[in-house]
Amino acid sequence: MDGILNINKATGLTSHDVVAKVRKILKQKRVGHAGTLDPAASGVLPICLGQGTRVAEYLSNSGKAYRADIVFGTVTDTYDAEGTILRTTNVEQLTLAQIEEALPRFLGLQMQMPPRYSAIKLQGQPAYKRMRAGETIELEPRPIEITALEVLTWHAPRLTLAIECSKGTYIRSLASDLGEQLNCGAHLGGLIRTRSGPFTLSGSITLSQLEEAATASKMQDYLYPVDTALQSYPAIHLDAPTTEQVLHGNAFRYELHLALDRLTLARVYHSNGHFVAIAEWNAEDERWQPKKVFSIDCV
């Protein structure tokens, strides 16, 4: 079974929990997730099966979208509702106009400090485990990009935001930083991932629905082709002889009428429509080099 499932993860489950449940439901060994989602968060979690696990990195690197509830006036050590309250502030005077004035400061490329209670590893151990052990740790800020921030609702002290951002963005940190910017503190009250790459919440299924589909032998209704993860890259369609070259890992020539100085990867297809490889542009040789080659029947 090769492909990608668009799972709607419930709160309380880790991403690893979902992988384990999918393995059990489908009796499939090669299962992986594309982009960790915190246990307290719900929403889109792409699950890769079989050959699909080989494109997980491209999904993990793709853009994300969230619906976040930010609660002003309460600061916690984990930056979310599950943490210990560190301080509270009266926010009766906080207005939507003040919030809307502050939001643009968080748009664009920037360096963001991750939460200390996070899965980022330090000397091979997750930061949150070292924090719980009473250690003092120092994390480094990381480059991220937030491309959209839209206010959905404001019912003081709770703000609901629609967010579009790059991989590696911590919405908990955004909530905390926004609270500090407004001099009242804040934490993340709830989070739903509404999109991961091409996969959206409206097209997702729950684990219960997956189990029902597996029992009814209707898995193909929910299994996306492996190349769905690569739709942001251009497509190359080859004839049979050149496809044979690719399947043996050999470089090939193909003219794409695109700005190749900015292009790095492309999807490669046999003329019959089968997805066969991910190729990387070699500007020096002016040829495409197969980066990952897939089974000819992987569709």
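You'll find the structure just up there.
All of these numbers come straight from a predicted model, not from anything done at the bench. (Residues numbered from 1 in each chain as written. Predicted model: local features only at pLDDT ≥ 70, side-chain atom pairs only at ≥ 80, totals over all residues. Heavy atoms only, no water.)

1. Thoughts on the overall build of the protein
- Within the protein, the regular secondary structure consists of seven helices and 17 strands.
- At a minimum sequence separation of 6, the contacts of the protein that also span at least 24 residues come to 66%.
- Summed over its atoms, the accessible surface of the protein is roughly 15,300 Å², and 47% of this surface lies on carbon and sulfur atoms. (Helix = DSSP H or I, 4+ residues; strand = E, 2+ residues; numbered from the N terminus. Contact = heavy atoms within 4.5 Å. Areas by Shrake-Rupley, 256 points an atom, 1.4 Å probe, with all protein chains shown as cover.)

2. Remarks on the nonpolar core
- Grouped together as the largest cluster of nonpolar side chains are 46 residues, with contacts concentrated most on Leu5, Val22, Ile47, Phe72, Ile163, Leu178 and Leu210.
- Looking at this core element by element, the count peaks at five residues for helix α1 (residues 15-26).
- With near-sequence residues (within four places) excluded, isoleucine 163 lies in contact with Lys64, Ala65, Tyr66, Ala68, Ile146, Ala148, Leu149, Ile171 and Leu174.
- In terms of nonpolar packing, the next biggest core, distinct from the first, is built from 17 residues, Val44, Leu230, Phe275 and Phe294 among them. (Core = buried A, V, L, I, M, F, W, Y, C linked by side-chain atoms within 4.5 Å. Buried < 20%, exposed > 50% of the residue type's maximum accessible area, 1.4 Å probe, protein only.)

3. Quick notes on the side chain of histidine 270
- Tracing the backbone shows histidine 270 in strand β15 (residues 265-270).
- At a separation of 3.3 Å, a polar atom in the side chain of histidine 270 contacts the side chain of serine 271. (Polar contact = N/O pair within 3.5 Å; in protein donor to acceptor, adjacent residues only side chain to side chain.)

4. Describing the pattern of salt bridges
- Applying the stated criterion across every chain, the model contains four salt bridges.
- Here glutamate 57 makes a salt bridge to lysine 292, at a shortest N to O gap of 2.5 Å. Placement of the pair is glutamate 57 in helix α2 (residues 56-60) and lysine 292 in strand β17 (residues 287-293), with a sequence separation of 235 residues.
- Taking the relative accessible area as the measure of exposure, glutamate 57 reaches 39% and is therefore partly exposed. (Salt bridge = Lys/Arg side-chain N within 4 Å of Asp/Glu carboxyl O.)

5. Quick notes on unusual backbone geometry
- Cis geometry is found at the peptide bond from alanine 156 to proline 157, where omega equals 5°.
- Considering the arrangement of structural elements, one finds proline 157 in the loop between β10 (142-155) and β11 (158-165).
- Backbone geometry at tyrosine 79 places phi at a positive 70°, although glycine is not the residue there.
- Positive phi, normally seen in glycine, also occurs at asparagine 183, with a value near 60°.
- Secondary-structure assignment places asparagine 183 in the loop between α5 (171-181) and β12 (186-196).

6. Focus: the packing of α1 against helix α6 (residues 207-215)
- Running from N to C, α1 and α6 cross one another at 15°; their axes reach a closest spacing of 10 Å. Regarding the angle of α1 to α6, the classification is roughly parallel. By crossing handedness, the relation of α1 to α6 is classed as right-handed. Contact residues: α1 offers Val18, Lys21, Val22, Ile25 and Leu26, while α6 offers Leu207, Leu210, Glu211 and Ala214.
- Looking at side-chain class alone, the contact of α1 with α6 contains seven nonpolar, no polar and two charged residues. (Axes fitted to C-alpha atoms, helices over the stretch in contact; angles between N-to-C directions. Parallel < 35°, antiparallel > 145°, perpendicular 65-115°, else oblique. Left-handed = near helix turned anticlockwise from the far one by under 90°. Nonpolar A, V, L, I, M, F, W, Y, C, P; charged D, E, K, R; others polar.)

7. Focus on the sheet that holds strand β16 (residues 275-282)
- If you walk across this open sheet you meet the four strands as β14-β15-β16-β17, and the pairing is mixed. Of all the strands in the sheet, just β14 (235-238) and β17 have a single pairing partner and so form its edges. Direction aside, the axes of adjacent strands within the sheet are offset by 40° on average. (Pairing = 2+ DSSP bridges.)

8. Thoughts on helix α7 (residues 240-247)
- Taken together, the buried positions of α7 are Thr242, Thr243 and Val246. Taken end-on, α7 shows its buried residues confined to a sector of 105°, consistent with a single buried face.
- Residues of α7 that are buried in the fold lie against β14, β15, β16 and β17.
- Glycine 249 lies just past α7 and shows a positive phi near 80°. (Arc of directions from axis to C-beta.)

9. Thoughts on the packing of aromatic side chains
- Taken as a whole and judged by the stated rule, the model has six aromatic pairs.
- Here the basic side chain of arginine 54 rests over the ring of phenylalanine 294, its NZ or CZ set 4.6 Å away from the ring centre. (Phe/Tyr/Trp six-rings, centres within 6.5 Å; stacked < 30°, edge-to-face > 60°. Lys NZ or Arg CZ within 6 Å of the ring centre and 35° of its normal.)

10. Considerations on the pairing of β14
- Because side chains alternate across β14, one face comprises the buried residues Ile236 and Leu238, and the other comprises Ala235 and His237, none of which is buried.
- Inspection of the sheet shows β14 paired to β15 by four bridges, in the parallel sense. The residue bridging leucine 238 from the neighbouring strand is histidine 270, located in β15.

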